[in-house]
Amino acid sequence: MEAITFFIAALIAVAGACGVVFLKNPVHAALSLVATLFGVAIHFINLEAYFLAAVQVIVYAGAIVILFLFVIMLLGVDRAESMESDPIIGQRQLALLATAGLLILGIFIGVAFSGEVTGVPPIEAQQSTFEGGLAIDNGATSDKVPPQENIKEIGRALFSTRYVFALEITALLLTIGVVGAVVLTRKTKSELDPIPVVEPPSLMRNSEEEIELALGEDEEKPIGETADTSIEDLTNDELEVNGE
Amino acid sequence: MENLVWLIPTFPLLGFALLLLFGRRLGEPNAGWLATTMVTGSFLSSLCVFLGMAGKNSENRVYEITLFEWIPSGELSVGLGFLADPLSITMALFITGVSALIHMYAIGYMHGDPNFSKFFIYLNLFVFSMLMLVLGDNLLITFLGWEGVGACSYFLISFWHQDPANASAGKKAFVTNRVGDWGFMVAMFLLFFNIGSLKYSDIFSSVIQVDALTQTTATAIVVMLFIGAAGKSAQFPLYLWLPDAMAGPTPVSALIHAATMVTSGVYLLTRMNPVLAEAAGWSTNLIWVIGLFTALFAATAAVAQNDIKKVLAYSTVSQLGFMFVAVGSGLYVAAIFHMITHAFFKALLFLGAGSVIHGMHEEQDMRKYGALKKAMPITAGTFIIGWLAISGVPPFSGFWSKDEVLLAAWNENKVAWVLLLIAAIMTAFYMSRLVFMTFFGEKRWGEDETGNHEHEESETENQEQEEISPNPEGEERRTFNPHESPVLMWFPLVALAGLAATAGLLNLPFSHDTKFLEKWLEPVLFGNEVHVLASTSTKWLLAVIAIIGATIGVLSASYVYLKNRVNPTQIELPILQDAWKFDRSVSNFMGGPGRKIFDWITWFDRTVIDGAVNGAGKLTQGIGIRLKTTQTGLIRTYALGMVIGAVAILTYFVSRMGF
Amino acid sequence: MTFAMAIGTEYYLALSALLFTIGAGGLLVRRNPLIMFMCIELMLNAANLAFVSFGKEMSDLGGQMSVLFVLVVAAAEVVIGLAIVVAVMRRRPKASIDEVSVLRG
């Protein structure tokens, strides 16, 4: 059973990943990302990380990707870029080489050396959760820990001496993130300097015109171009398309 | 009392500083008296230290004091320290004593000179440097003094620098000295590299007890030290500067080029005698061979000189050659003994010559002298004592010390002894020539350029001043009166004459008890003194032969110059006067092919060496400009770089882990 | 019908490597900043998968804890990153990532 789930979930995840990379429209790419995240969540459940699976869906798919979509809609950067050529000379080829190498090495290392893991010595693995070092199922591999035990253990571990400091720090981090986001995106009273237009570096193909071409024109009608587009227009178009 | 040793160089340094600040205000003659007092204070301090040392046993006579650490630089730690041991105190004694007398003389000699106080500034600085040279407890202090005396020699030779000939003589002295200094520096590097310290006590204990130097290294060090000594002590071929250095005032010639600076080379080699003992035989043979050659060479040149000071200059070169013969043969005591007696009689001779020059109104050509004995009795009397001393006539000091040096030559090589004896005979000859031409015979002075004879009646009686007496025709004629020098000038002459006469008592060879100098210098020589294995009768025979040789020299000179039996021009060959044209050939070489070599070296330095250094800079710049292009600013290229890097690291780890 | 095959850690690691590589490739090739961000999220997810699979193998809860923290940090990173993107894109609406290249030598 686990094997079937594994392969199906793997398929979903990889398909989603390829979708992120290859789809032109950013909104489509975001939706592919959601598919990948779901796939990974299923893997988590397979690996008996139940809480994590839930968190993955709620936080990642439910919050972060939504954030992405907000920004996409807000800025209208959904205009598709041309996938034909790359302004930087040789980037595609080198990227292909690098990723091929990375793939081969990664799979090789993962498969060949997965048996020789380093890390937590067995003694520490037998400590109770309260001290922060403990096994998911206390040494016995065949038992499946029920979901409610998992979340209890995680809770205990999180507030144990091992992880409580990290917990507090991440809370601080999130606060800083919020503050930073507000600061970065506020509208100031005075007009800010525009980003200087510099001559593109020699690695890029040619002048700005070719780059414009390479970046692609608007092939599709953008879903939302400016911030002024009202939602009613959207709804009307969709209604028309759908033929209602 | 030995802890007063630091006072010895401090007095002249203080004098230098005070004169630098207040010399012009003090003026003549107080500046001179201040300088003289300072040097006398130095002499008294040396005397105190000497007495304190003499009261101790032979083993306890070495005293070291370090004032402070002068150069703390990693492994090299050089302190400013003084070493008071028999050798250095001996040197300090006669240096300060003779210097004090010469300072007093100079007050009279430089009378009327507009730069009176400047002269004494330089003189005091010179005495300070010389004392640092002999009293230093490590090679670097000695080198400091070495360079200091070289610099002061330059200042003092070109003291009357308005005449370009004097200035270039000073330059020549300095440059030739520098050539020798290269040798000294290389020797210092070698010593430091092999032993790790420049202090004499460290060097000697390493060499003697631990045998730290291989024979090759010791030989190299000895050769380098000898090059340095040859530059300073005017041995062939670096003697060129000494005859030209006579352009300086006579007290300078007496002090620097007779008594003190030129003996630095002998001092250095004697001080480093443990290293000489470790070196291969050929290096010490080189020393005495060159010494012998120089002695002969300079003696032949001295025979034909007409300038009284040049005769004495070549004589100094020759006598220094004698000293090096003794050093090279291993008889250090003989060398030091001859150094001391030479200091006395040569200073005496120079000061006497200065007195003659002063009295003859700056005339230096001996062909214009003659029969000055009556005009300058004190000068003549003291000069005669100096003459007898240098000729080797007993019982004056020169006989005893020269006899020791001849013994050294006999011990080394019989042929060397013969040659050195010839040099000694020639010494007697040219010095007698000088004395006969100057003080005896007929007077050749008293003629002005028009060739008229002056009135002679007033000259022999009038001792005091010159007169400008108009003759009956109404023309002004200067009557030429050579006069005796003032007391300020003849007192040092008398003192030095006494010393020259009696200094032989230092090391009479009759028995071991009378060999005071040898016993005194024993702790410094570490047993490296060579003792001549000759029977007493042989020594007596050699002494008698030496006396006969001196007599031959004197008599032949009197034959030629007093009795005028032989024409002098047969002896005074022009080539001898030109010192075998060696100086001229060196100048020609330096001006001609030498110049081309120097130009090529300059080109090489500019193009290759500077080019390499600048090229390194340009290379870095070029690489920087090329590498700058990797900073594209494009995020994706950076990301690509990161991924490629990650792949590389993974590959490395996989290759290391193996299967 | 059950497959008797046991899914060992190496399968998960292989999958993780694959996802990571796809994410890296996308990062290098796409020019839209938001899509590049999504590729980064993909890579982070691959890492998370690896963490959890190792945690399962070693019976250590540390794997899951790491994932929690990675998640939180990823969230914070997305917040700031998108804020920056918004700030840049406001001034030049048609920008691609290649135009933000002022910092170069």
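The rules behind the values
Residues numbered from 1 in each chain as written. Chains lettered and ligands numbered in written order. Predicted model: local features only at pLDDT ≥ 70, side-chain atom pairs only at ≥ 80, totals over all residues. Helix = DSSP H or I, 4+ residues; strand = E, 2+ residues; numbered from the N terminus. Buried ≥ 20, exposed ≤ 12 C-beta atoms within 10 Å, placed from the backbone. Contact = placed C-beta atoms within 7 Å. Core = buried A, V, L, I, M, F, W, Y, C linked by C-beta atoms within 7 Å. Nonpolar A, V, L, I, M, F, W, Y, C, P; charged D, E, K, R; others polar. pLDDT = per-residue confidence, 0-100. Axes fitted to C-alpha atoms, helices over the stretch in contact; angles between N-to-C directions. Parallel < 35°, antiparallel > 145°, perpendicular 65-115°, else oblique. Left-handed = near helix turned anticlockwise from the far one by under 90°. Pairing = 2+ DSSP bridges. Expected span 1.5 Å × (residues − 1). Bend = angle between axes of the 7 residues up to and from the residue.

Asker: Is there a simple way to explain the overall build of chain C in this structure?
Answerer: Regarding its fold elements, chain C presents three helices and zero strands. When each of the 105 residues of chain C is scored for burial, the buried share is 64%.

Asker: Looking at this structure, I do not really get the overall build of chain B. What am I missing?
Answerer: A count of helical and extended segments in chain B gives 28 helices and four strands. Within the span of chain B, comprising 659 residues, buried residues form 51% of the whole. Of the contacts formed within chain B by residues at least 6 apart in sequence, a portion of 79% connects residues at least 24 apart.

Asker: Teacher, can you tell me more about the nonpolar core here?
Answerer: Note that soluble globular proteins tend to have their nonpolar side chains buried in a common cluster. In this structure, Leu131, Leu225, Val325, Ala347 and Ala500 of chain B are the most contacted members of the largest nonpolar core, which totals 214 residues. If one sorts the elements of this core by residue count, helix 15 (residues 332-359) of chain B sits on top with 18 residues.

Asker: Is there a simple way to think about the interface of chain C and chain B in this case?
Answerer: Counting residues at the interface gives 10 residues for chain C and 10 residues for chain B. Residue composition of the side of chain C that touches chain B, grouped by class: six nonpolar, two polar and two charged.

Asker: Got a minute to help me understand the interface of chain A and chain C in this structure?
Answerer: Frequently, the measure chosen for interface size is the accessible area that the parts lose on association. Counting residues at the interface gives 81 residues for chain A, matched by 73 residues for chain C. Looking at the side of chain A that touches chain C, the element that brings in the most residues is helix 1 (residues 2-22) of chain A, giving 11 residues. Of the residues that constitute the side of chain A that touches chain C, the class distribution is 60 nonpolar, 15 polar and six charged.

Asker: Please clarify how unusual backbone geometry should be interpreted in this entry.
Answerer: Most peptide bonds take the trans form, and the phi angle of most residues other than glycine is negative. Residues and elements named next belong to chain B. A cis amide bond links Phe236 to the next residue, Pro237, at an omega of 0°. Checked against the element boundaries, Pro237 lands in the loop between helix 8 (215-232) and helix 9 (241-244). Each neighbour pair has its own omega, and for Pro394 with Pro395 the value is 0°, a cis peptide bond. You can see Pro395 is positioned in the loop between helix 16 (377-391) and helix 17 (397-412). Phi is positive for His361, which is not a glycine, with a value near 55°. Here His361 lies in the loop between helix 15 and helix 16. A count of 13 C-beta atoms within 10 Å places His361 in the partly exposed class.

Asker: I keep staring at the confidence of the model for chain C and nothing clicks. Help me out?
Answerer: Atom-level detail of predicted coordinates should not be read off regions where pLDDT is low. For chain C, mean pLDDT is 86; residues scoring 70 or higher make up 92% of the total. Ranking the elements of chain C by mean pLDDT puts helix 3 (residues 62-91) of chain C last with 89 and helix 1 (residues 9-29) of chain C first with 92.

Asker: Even after reading the chapter, I still don't get the packing of helix 13 (residues 281-303) of chain B against helix 14 (residues 308-329) of chain B, so can you show me in this structure?
Answerer: Think of two packed helices as two axes; the pair is described by the angle between the axes and how far apart they sit. All names here are of chain B. One can describe the packing of helix 13 onto helix 14 by two numbers: an axis separation of 7 Å at closest approach and a directional angle of 160°. Classed by the angle they form, the pair helix 13 and helix 14 counts as roughly antiparallel. Remark: the crossing between helix 13 and helix 14 carries left-handed chirality. Among the residues making up the contact of helix 13 with helix 14, the classes are represented as 16 nonpolar, nine polar and no charged.

Asker: Got a minute to help me understand the pairing of strand 2 (residues 76-84) of chain B in this structure?
Answerer: Two faces belong to every sheet, and in a regular strand the side chains alternate between them. All names here are of chain B. Bridge analysis of strand 1 (residues 63-73) against strand 2 gives nine bridges, and the strand direction is antiparallel. Pairing of Thr66 across the sheet is with Gly81, part of strand 2. Between the end of strand 1 and the start of strand 2, which pair antiparallel, lie two residues, with Gly74 showing a positive phi angle near 65°.

Asker: Could you clarify how one ought to interpret helix 6 (residues 164-195) of chain B in this entry?
Answerer: Because the α-helix completes a turn every 3.6 residues, residues three or four places apart line up on one side. Residue and element names in this part refer to chain B. Compared with an ideal rise of 1.5 Å per residue, which puts 32 residues at 46 Å, helix 6 spans 46 Å between its outermost C-alpha atoms and is within 8% of the ideal. Remark: the principal bend of helix 6, roughly 25°, maps to Val179. The positive-phi residue at the C-terminal boundary of helix 6 is Gly196, with phi of around 90°.

Asker: Where do I start with the packing of helix 3 (residues 86-109) of chain B against helix 10 (residues 250-259) of chain B in this structure?
Answerer: All names here are of chain B. Running from N to C, helix 3 and helix 10 cross one another at 165°; their axes reach a closest spacing of 9 Å. Judged on the interaxial angle alone, helix 10 and helix 3 are roughly antiparallel. Where helix 3 crosses over helix 10, the two elements pack in a sense that is right-handed. Across the interface between the two elements, Val98, Ser99, Ile102, Tyr105, Ala106 and Tyr109 from helix 3 touch Thr250, Pro251, Ala254, Leu255 and Ala259 from helix 10. In terms of residue class, the contact of helix 3 with helix 10 is built from nine nonpolar, two polar and no charged.

Asker: Could you clarify how one ought to interpret the confidence of the model for chain B in this entry?
Answerer: Residues and elements named next belong to chain B. Averaged over all residues, the pLDDT of chain B is 83; the fraction at 70 or higher stands at 93%. The least confident element of chain B, judged by mean pLDDT, is helix 19 (residues 457-461) at 37; the most confident is helix 4 (residues 116-135) at 92. In this model residues 449-478 is a low-confidence stretch, pLDDT under 50, and it forms 28 contacts with partners more than four residues away in sequence or in other chains.

Asker: What am I meant to see in the environment of Ala49 of chain A here?
Answerer: By the element assignment, Ala49 of chain A lies in the loop between helix 2 (26-46) and helix 3 (50-75). Counting along the chain gives 105 residues from Ala49 of chain A to Ile154 of chain A, while the straight-line C-alpha distance between them is 9.7 Å. Among residues more than four places away in sequence, those in contact with Ala49 of chain A are Phe44 of chain A together with Val52 and Gln64 of chain C.

Asker: What should I look at first to understand the environment of Ser117 of chain B in this one?
Answerer: Tracing the chain through its elements places Ser117 of chain B in helix 4. Ser117 of chain B has contacts with Leu19, Gly23, Arg24, Leu26, Gly27 and Ala31 of chain B, leaving out every residue within four places of it along the chain.

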